Amino acid sequence: MKTFNKILLALLAIFLIVSCQDMEDLNKNPNQPDKVSTSTLLTGAQKKMMDYIYDTWFSGRQALPYAQYWSQRNYTEEDRYQIRESVNNSYFNHLYVTAGNYALIEKMNTDEATKSEVATYGNNNNQIAVAKILKIWLMQVVADTWGSVPYSEAFKLNDGITYPKYDELNVLYPEFIKELDNAIALINEDEVAFTSGDRIYDGDATKWKQFANSLKCRIAIRLSKVDPNWRTYIDQAVASGVFTSNDDEAMFKYSNEAPNECYFYRGYFVDGRNDFSITKPFTDLLKGQPDTLNNKQHPWEGVVDPRLTIYTTPRGGKYLGLPYGLPSNNMTTAIRNAAPSWYSASPPIILNKDFSVPLMTYAELCFILSERYNWDQEWYEEGVESSLEHWYTLAGKTLDQDALDTYLESVSGTVNAETVATQKYIHLYMQGTEAWSEYRRTGYPLTMLKPGEFTYVVGGEKVAFTPLSDTKGDLPARVKYPTNESTLNPDGFNGAIAKLQDGTNNYYSKMYWDVRSEQNPHPTNK
């Protein structure tokens, strides 16, 4: 009997081994390789990152309305800061998964077991540098949106860290600068960054170095009110090599072929989401019209911005915008029809299939350098001119030199904090998070509609802009942490909320770098 049992156990063990091997074979997808190249990871991460950030959800229902570039025709509650919690949860997860792919590229190029193999796809150090740069770009968007977030302990599941701590912003932003410095130091310009898979710079290591230095300037200017070293950071970046023209800017170009079109196009014409229009406040700013409802002045009253015809399309021969944050019960058919119908009419370039979405542009850098050098006139004018060239080139149009000279003359009389910030805001159209962040840092432009101010006249009565969430009389200072974090990372989540104003998960707790107040709405640089 004992002998029989031993034989039975032996046969069972053999059966289990064979069965497990068979199951492993069954679980393998013959069309999907066991190993993924770093170039393939890069392509997927770049595309997903841009898909998630430049779409009709993260941008269309949050970042672009917060920057008051877009209004919604149907779901105006979101324009009044009542977010969909499911969307908030999803995008927090999406962005972290994408950042994790960049961290994986770094790991594959440093791990002794894989670094030689993946060197086939480009110089190891260059791959690490590119992955770091993109991870930092993405994580700044995350930090600018939610505030303190996991970073130093994120992407370390294999190290046993399942509940990463939330890093405070006064630690996080300097860490971004430090990591960018490390990335810049790693770059070997004599070798390609990636042999394939790079949809932004096609592996050009010099371009990646310029982008890293320019991104360092963006982070430095975000700290301009709180970190006395911000000018030093910019000076270091300029000395190392930043963008020198529009040819250097970091752009992700989409395809005309399905399913790789720009997600603004897909939102409108594939998913049929025609909810969005350019706002009336932004359109009036471009038309040089003051806000008569709220007695707000325009820096260049009477000056029509040449970018107006690029950003939107006319309706009935007129350039009109949709009132911002108007309650749904006030959104009559007549009001809806007063705005451009991008869905049915000839759409603007932002809805082109192959619209190029930016990570950072030369014009933005010019405005940063104008501020760095105490509102320098030449850098300001270079920013305005390069912005117009950027947008007209995207549209496949040529800007008449006389029209350019006339506009430059009209907007160059006074160069100060307001004019630089306002021109930067106009240029950053479609970069909702960056424009919203810059408003929170500077308090400009003054044309932004605040809670309690009037948005439109309906039936002869002025209708006030009334948020559905408390923002303490201003634009949102942040987005609330997603509720999923309360169960996925409870200690980090609760600890971060405890440090917010009033100890609640709210929209009004200001970022570390946002030091505006009612007494000082436009703080000067330190």
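This one's a predicted model, so the numbers in the text were calculated from it and none came from an experiment. (Residues numbered from 1 in each chain as written. Predicted model: local features only at pLDDT ≥ 70, side-chain atom pairs only at ≥ 80, totals over all residues. Heavy atoms only, no water.)

A.B. asks: Would you mind showing me how to read the overall build of the chain here?
C.D. replies: A tally of helices and strands in the chain yields 21 helices and 8 strands. Taken over C-alpha atoms, the radius of gyration comes to 25 Å for the chain, in line with the 24 Å a tight globule of 526 residues would show. By its C-alpha atoms, the chain is 100 × 55 × 45 Å across when sized along the principal axes. Taking all 526 residues of the chain together, 54% fall into the buried category. Taking contacts inside the chain between residues at least 6 apart in sequence as the whole, the part at least 24 apart equals 76%. About 22,100 Å² of surface is accessible on the chain, with carbon and sulfur atoms providing 50% of the total. One finds the centroid of the 50 positive side-chain charges in the chain at a distance of 6 Å from the centroid of its 66 negative side-chain charges. (Helix = DSSP H or I, 4+ residues; strand = E, 2+ residues; numbered from the N terminus. Rg over C-alpha atoms; globule rule 2.2 N^0.38 Å. Buried < 20%, exposed > 50% of the residue type's maximum accessible area, 1.4 Å probe, protein only. Contact = heavy atoms within 4.5 Å. Areas by Shrake-Rupley, 256 points an atom, 1.4 Å probe, with all protein chains shown as cover. Lys, Arg positive; Asp, Glu negative; His and termini not counted. Charge placed at Lys NZ, Arg CZ, Asp CG, Glu CD.)

A.B. asks: How should I be thinking about the pattern of salt bridges in this particular structure?
C.D. replies: When the charged atoms of two side chains lie near each other, side chains of opposite charge can form a pair. In this structure the tally under the stated criterion is 32 salt bridges. With its nearest N and O atoms 2.8 Å apart, the salt bridge here joins R218 to E364. Placement of the pair is R218 in helix 9 (residues 205-222) and E364 in helix 15 (residues 362-372), with a sequence separation of 146 residues. Across the pair R441 and E438 runs a salt bridge, and its minimum N-O distance is 2.8 Å. (Salt bridge = Lys/Arg side-chain N within 4 Å of Asp/Glu carboxyl O.)

A.B. asks: Help me understand the environment of E418, please; the structure alone is not making it clear to me.
C.D. replies: Its location among the elements puts E418 in helix 18 (residues 417-427). Through-space distance from the C-alpha of E418 to that of W375 is 9.9 Å; in sequence the pair is 43 residues apart. Those residues in contact with E418 that lie beyond four places of it in its chain are P299, Y444 and L446.

A.B. asks: So what exactly am I meant to see when it comes to the side chain of S437 here?
C.D. replies: Mapped onto the secondary structure, S437 falls in helix 19 (residues 432-442). In this view, S437 contacts D144, R222 and W513; residues no more than four positions away in its chain are not counted.

A.B. asks: Sorry, what's going on with the nonpolar core here?
C.D. replies: Considering soluble globular proteins, one finds that nonpolar side chains tend to be buried as a cluster. Within the largest apolar cluster, 138 residues are counted, with the highest numbers of intra-cluster contacts made by F211 and Y429. Discounting chain neighbours no more than four positions away, the residues touching Y429 are Y69, W70, I278, F282, Y311, W342, I350 and W391. Membership of the second largest hydrophobic core comes to 6 residues, among which are M331, I335, A339 and V463. (Core = buried A, V, L, I, M, F, W, Y, C linked by side-chain atoms within 4.5 Å.)

A.B. asks: Got a minute to help me understand the environment of L186 in this structure?
C.D. replies: Mapped onto the elements of the fold, L186 is located in helix 8 (residues 169-186). Here L186 falls in the partly exposed class, since its relative accessible area comes to 27%. For the pair L186 and N124, spaced 62 residues apart in sequence, the C-alpha to C-alpha distance is 9.3 Å. When neighbours within four sequence positions are excluded, L186 is seen to be in contact with N125, N126, I128 and A129.

A.B. asks: Could you clarify how one ought to interpret helix 12 (residues 280-287) in this entry?
C.D. replies: Residues that lie three or four places apart on an α-helix share one face, since the helix turns once every 3.6 residues. The element helix 12 is largely enclosed, with a buried count of 6 among its 8 residues. Regarding helix 12, the residues found buried are F282, T283, D284, L285, L286 and K287. Tucked inside the fold, the buried residues of helix 12 contact strand 5 (276-278), helix 13 (308-311) and helix 18. Near the N-terminus of helix 12, the side chain that reaches the backbone nitrogen of F282, with its oxygen 3.1 Å away, is that of T279. One or two positions beyond helix 12, positive phi appears at G288, with a value near 75°. (Polar contact = N/O pair within 3.5 Å; in protein donor to acceptor, adjacent residues only side chain to side chain.)

A.B. asks: I'm lost on the packing of helix 7 (residues 124-146) against helix 8 in this one. Help?
C.D. replies: When two helices pack together, their arrangement is captured by the angle between the axes and the distance separating the axes. Running from amino to carboxyl end, helix 7 crosses helix 8 at an angle of 160°, the nearest separation of the two axes being 9 Å. The angle between the axes of helix 7 and helix 8 places the two elements in the roughly antiparallel class. When you trace helix 7 past helix 8, the crossing you get is left-handed. Within the contact between the two elements, helix 7 uses N125, N126, I128, A129, K132, I133, K135, I136, M139, Q140, A143 and D144 and helix 8 uses L169, L172, Y173, F176, E179, L180, A183 and L186. Of the residues in the contact of helix 7 with helix 8, the class split is 13 nonpolar, 3 polar and 4 charged. (Axes fitted to C-alpha atoms, helices over the stretch in contact; angles between N-to-C directions. Parallel < 35°, antiparallel > 145°, perpendicular 65-115°, else oblique. Left-handed = near helix turned anticlockwise from the far one by under 90°. Nonpolar A, V, L, I, M, F, W, Y, C, P; charged D, E, K, R; others polar.)

A.B. asks: Honestly, the packing of helix 9 against helix 19 in this entry has me stumped. Any pointers?
C.D. replies: Running from N to C, helix 9 and helix 19 cross one another at 35°; their axes reach a closest spacing of 10 Å. The segment helix 9 lies against helix 19, with R218, I221 and R222 engaging E434, S437, E438 and R441. For the contact of helix 9 with helix 19, the per-class residue count stands at 1 nonpolar, 1 polar and 5 charged.

A.B. asks: Looking at this model, I keep getting lost on a negative patch on the surface. Mind explaining?
C.D. replies: Together, D400, D402, D405 and E409 line one region of the surface with negative charge. Note on placement: D405 falls in helix 17 (residues 401-411). (Patch = residues over 30% accessible without salt bridge, like charges linked within 9 Å, V, L, I, M, F, W, Y side chains within 5 Å.)

A.B. asks: Sorry, what's going on with the side chain of S59 here?
C.D. replies: Structurally, the position occupied by S59 is in helix 3 (residues 59-66). Judged by relative accessible area, which is 3%, S59 ranks as buried. What S59 contacts, discounting residues up to four positions off in sequence, is I53, Y54, L64, P65 and F264.

A.B. asks: Please explain the pairing of strand 7 (residues 454-458) as it appears in this structure.
C.D. replies: The two faces of a sheet get side chains in turn, since along a regular strand they alternate between them. Sheet analysis places strand 7 next to strand 8 (residues 461-464), joined by 4 bridges and oriented antiparallel. Looking at strand 8, one finds that Y456 is bridged to V463. Turn length for the strand 7-strand 8 hairpin, with the two strands adjacent in sequence and antiparallel, is 2 residues, and the turn residue G459 shows positive phi of about 60°. (Pairing = 2+ DSSP bridges.)

A.B. asks: Mind showing me how you'd approach helix 2 (residues 38-53) here?
C.D. replies: Compared with an ideal rise of 1.5 Å per residue, which puts 16 residues at 22 Å, helix 2 spans 22 Å between its outermost C-alpha atoms and is within 8% of the ideal. Most of helix 2 is tucked away: 12 of the 16 residues are buried. Within helix 2, the full set of buried residues consists of T38, S39, L41, L42, A45, Q46, K47, M49, M50, D51, Y52 and I53. (Expected span 1.5 Å × (residues − 1).)

A.B. asks: Explain the packing of aromatic side chains to me, please; I cannot follow it from the model alone.
C.D. replies: Two descriptors summarise a pair of aromatic rings, namely the distance from one centre to the other and the angle between the planes of the rings. Taken as a whole and judged by the stated rule, the model has 38 aromatic pairs. Judged by centre distance (5.6 Å) and plane angle (85°), the rings of F282 and Y425 are edge-to-face. Placement of the pair is F282 in helix 12 and Y425 in helix 18, with a sequence separation of 143 residues. The class for F282 is buried, based on a relative accessible area of 1%. (Phe/Tyr/Trp six-rings, centres within 6.5 Å; stacked < 30°, edge-to-face > 60°.)

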